Amino acid sequence: NDSELWVEIARLRFLGGEQKQALEAVERAVDLAPENPKALQYHGQLTREQLGLLPALIWFERALKIAPNDVNLLIEYAATLGDLGRHTEMLAATRKILDADPDNPNAYFMQAVLAARAGKTSLARRLILKTEGKLQNLPAALLVDGALEYRAGNLNQAIDRLQRLYVRQPNNRMAMQMLARAMQRNGEYAEVVRRFRSAADRPDATPYLLTVVGRSLEQLDRREDAAIYLNSAAQTFAPAMQPIMVPDSLPVLALAARDKPNDARAVIPYIRGLLAAGQADKALAEAKRLRDLNTGAADAHLLVGDVQMIAGRWPEASEAYRQGAAIRMTDLTLLRTLAAIARTGADADARLFNGQYLDRNPFHPMALRIQSMAVLDAGQWPIAAPMLRDLRDRIGPQDAFLMADLAMAELKLGRNGQAIEAAQAAYRAQPASPVSAHIWGLALLAEGKRLADAEALLEKAHRSNPGNGFMAWNLARAYKAQNKDEAARNLLRHALSRGAFPERDQAEAMMKELG
């Protein structure tokens, strides 16, 4: 009946991967001592993991009424406010931390993140220096420090930070991409190709990594090789889910798993090896066995979902992900669950799931982006445009597809100038993408002043994606606007042979007009 002891039991269970049992333990701690700030704080931390930011904030605020100057509590409270986008309140909380503990590195780190988000690189770097290296082994601090050094042009320092992070977390895709980009910018083209080409050759390589490797090959004057990666980067499809690579052979992995059959560190590499060898059924059996030993661990359910997803068993994957999400919700859990639900064709369920997540995490960029795509698909342009503008202001204009979507929404609202501005940003971010070329050409066509430029861009998009009827139709419109009727007729025939697209009726009407 000791509340403090139950808090420690909860911590121990969470560290052991038993998230569900950890929450049960901290609930017991709160029941025993409803005014125990440590119990309330840890309940908030676990609630943030399970349900999200807003539900967690209630617990932190309840604890602060009892212990308003508790530094550890204030750190968790400030971090949650920051993730919610409530930056003024977050800053006030960090200042309160520093009043109680003038050298607290966590407060300075959070202020540095806030400054970095505002684009104040010099201030952010000064604040990082005030942590006096006390957080130098924290992955998040290495990531932020590396990004800030990169922004400041200190590429060797950026590479040092990102290399340390990548060594610690070799499967951290963001760390890998940032390290590759910093090395490329530093002129280490051969090293980029040597270290990251194998990752770029995988079916799940991101457009960002493909572009970095492609540009490095260009600098080495290997243009034919570079074109392969740059063309792949320009494709718009989502890469297939793939198991993480394992260095050892399947017999070696099987031996390690046999020696430690209940140790996830030995069994998960074996499951990856089985998947890579095409033995999905055996991999699934191992994943389910591990899950049954760890039913309170979200990752155990996600592992089953991953194997089902790779095997193409969408409903089963969706159910496994939902079970994991009920215990602990992360960005990757959200993406996995939505992908599996979408594969089953239950779009309404996917929107509901994402909406429920947004209710608890109202400023989450990924969830907002997913919601914006659903709003765009529904043609709700007055809702989509401000949502996309807000996302652009939050994460910047470097996402080509975000900016292309914003340009389309602005076009539909008749805001041609704003559409051109957004489309240009999309093209700058990804000039090889047919989507970027198409939307910029479409914006110029709507403006009606630079028709030759519009035609060139729409031709580029059509060449990259000749099977897209929508792109062919818009190029036909550009031809007709310049009285190139024969070229427009030929292209309309091609577009109409491609099947359904939203403007098909208009294309048929133009065909009749042109005879």
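What comes next is a walk through the structure. These figures come from a predicted structure and were not determined experimentally.

1. As for the overall build of the chain
Stage number 1. Along the chain, the regular secondary structure elements total 30 helices and zero strands.
Stage number 2. Relative to the compact-globule value of 24 Å for 515 residues, the chain shows a C-alpha radius of gyration of 26 Å, a close match.
Stage number 3. Burial statistics for the chain: of 515 residues in total, 45% are counted as buried.
Stage number 4. Residue pairs in contact within the chain that sit at least 24 positions apart in sequence constitute 50% of those at least 6 positions apart.
Stage number 5. Taken as a whole, the chain presents about 25,300 Å² of accessible surface, with 51% of it coming from carbon and sulfur.
Stage number 6. Charged side chains of the chain number 65 positive and 60 negative; the gap between the two group centres comes to 3 Å.

2. With respect to the side chain of E76
Stage number 1. Positionally, E76 belongs in helix α5 (residues 71-83).
Stage number 2. Beyond its immediate sequence surroundings of up to four residues, E76 is in contact with Q41, Q45, R48 and F60.

3. A short note on the packing of helix α4 (residues 53-66) against α5
Stage number 1. Close contact between α4 and α5 brings their axes to 10 Å; oriented N to C, the two are set at 150°. On the basis of their axis angle, the class for α4 and α5 is roughly antiparallel. At the point where α4 passes α5, the crossing takes the left-handed sense. Residues L53, L57, F60, E61, A63 and L64 of α4 lie in contact with α5, whose contacting residues are L73, L74, E76, Y77, T80, L81 and D83.
Stage number 2. The residue makeup of the contact of α4 with α5, split by class, is nine nonpolar, one polar and three charged.

4. Structural notes on unusual backbone geometry
Stage number 1. Residues other than glycine seldom take positive phi values, yet E132 does so here, at roughly 55°.
Stage number 2. Relative to the assigned elements, E132 resides in the loop between α8 (121-129) and α9 (139-151).
Stage number 3. Of the residues examined, E132 reaches a relative accessible area of 57% and is grouped as exposed.
Stage number 4. The backbone phi angle of D221 is positive, close to 65°, even though this residue is not glycine.
Stage number 5. Considering the arrangement of structural elements, one finds D221 in the loop between α13 (207-219) and α14 (223-233).

5. Topic: the packing of aromatic side chains
Here a ring pair, both rings aromatic, is described through the centre-centre distance and the interplanar angle of the planes.
Stage number 1. According to the stated counting rule, one finds two aromatic pairs in the structure shown.
Stage number 2. When the centroid spacing of 6.1 Å and the interplanar angle of 50° are considered together, the rings of Y166 and F196 count as tilted. One end of the pair, Y166, is in helix α10 (residues 155-168); the other, F196, is in helix α12 (residues 189-200), and 30 residues separate them in sequence.
Stage number 3. With centroids separated by 5.1 Å and ring planes inclined at 55°, the aromatic side chains of Y427 and W440 adopt a geometry described as tilted. Taken together, the residues span a long stretch of sequence, with Y427 in helix α25 (residues 416-429) and W440 in helix α26 (residues 434-447) at a distance of 13 residues. Accessibility classification places Y427 together with W440 in one group, the buried group.
Stage number 4. Here the guanidinium or amino end of R11 rests over the ring plane of Y42, the centre of that ring lying 4.6 Å away.
Stage number 5. Above the plane of the ring of Y150 lies R185, whose end atom (NZ or CZ) is 4.7 Å from the centre.

6. Let's talk about the nonpolar core
Stage number 1. Membership of the largest hydrophobic core comes to 61 residues, with the highest contact counts inside it found for L334, F353, L388, I439, W440, W473 and L492.
Stage number 2. The element best represented in this core is helix α24 (residues 400-412), accounting for eight residues.
Stage number 3. Residues within four places of I439 in sequence aside, it is in contact with A404, A407, M408, L411 and A423.
Stage number 4. Grouped together as the second largest cluster of nonpolar side chains are 48 residues, V26, A63, F109 and L127 included.

7. Focus on the environment of D485
Stage number 1. You can see D485 is positioned in helix α29 (residues 485-496).
Stage number 2. D485 gets classed as partly exposed once you look at its relative accessible area, which sits at 32%.
Stage number 3. For D485, the contacting residues outside a window of four places in its chain are K480 and L514.

8. Looking at helix α20 (residues 331-343)
Stage number 1. Over its 13 residues, α20 runs 18 Å from end to end, which matches the ideal 18 Å to within 8%, given 1.5 Å per residue.
Stage number 2. Those residues of α20 not exposed but buried are T333, L334, T337, L338, A340 and I341. The buried residues of α20 occupy an angular sector of 165° when the element is viewed end-on, so they sit on one face. Exposed side chains of α20 directed beyond 90 degrees from the buried face belong to L332 and R343.
Stage number 3. Contacts from the buried residues of α20 go to α18 (298-310), α19 (314-327), α21 (347-360) and α22 (365-377).
Stage number 4. Taken from the residues just after α20, G345 is the one with a positive phi, measuring 85°.

9. Considering the pattern of salt bridges
Oppositely charged side chains are able to pair whenever their charged atoms sit close together.
Stage number 1. On inspection of all chains with the given rule, the structure shows 31 salt bridges.
Stage number 2. Across the salt bridge formed by E149 and R125, the nearest N and O atoms sit 3.3 Å from each other. Placement of the pair is E149 in helix α9 and R125 in helix α8, with a sequence separation of 24 residues.
Stage number 3. E149 sits in the buried class, given a relative accessible area of 8%.
Stage number 4. Between E132 and K134 there is a salt bridge; the shortest N-O distance is 3.7 Å.
Stage number 5. When its relative accessible area of 49% is taken as the criterion, K134 is described as partly exposed.
Stage number 6. Taken together, the shared-partner salt bridges connect D145, D160, R161 and R164 into one network.

Rules used throughout
- Residues numbered from 1 in each chain as written.
- Predicted model: local features only at pLDDT ≥ 70, side-chain atom pairs only at ≥ 80, totals over all residues.
- Heavy atoms only, no water.
- Helix = DSSP H or I, 4+ residues; strand = E, 2+ residues; numbered from the N terminus.
- Rg over C-alpha atoms; globule rule 2.2 N^0.38 Å.
- Buried < 20%, exposed > 50% of the residue type's maximum accessible area, 1.4 Å probe, protein only.
- Contact = heavy atoms within 4.5 Å.
- Areas by Shrake-Rupley, 256 points an atom, 1.4 Å probe, with all protein chains shown as cover.
- Lys, Arg positive; Asp, Glu negative; His and termini not counted.
- Charge placed at Lys NZ, Arg CZ, Asp CG, Glu CD.
- Axes fitted to C-alpha atoms, helices over the stretch in contact; angles between N-to-C directions.
- Parallel < 35°, antiparallel > 145°, perpendicular 65-115°, else oblique.
- Left-handed = near helix turned anticlockwise from the far one by under 90°.
- Nonpolar A, V, L, I, M, F, W, Y, C, P; charged D, E, K, R; others polar.
- Phe/Tyr/Trp six-rings, centres within 6.5 Å; stacked < 30°, edge-to-face > 60°.
- Lys NZ or Arg CZ within 6 Å of the ring centre and 35° of its normal.
- Core = buried A, V, L, I, M, F, W, Y, C linked by side-chain atoms within 4.5 Å.
- Expected span 1.5 Å × (residues − 1).
- Arc of directions from axis to C-beta.
- Salt bridge = Lys/Arg side-chain N within 4 Å of Asp/Glu carboxyl O.

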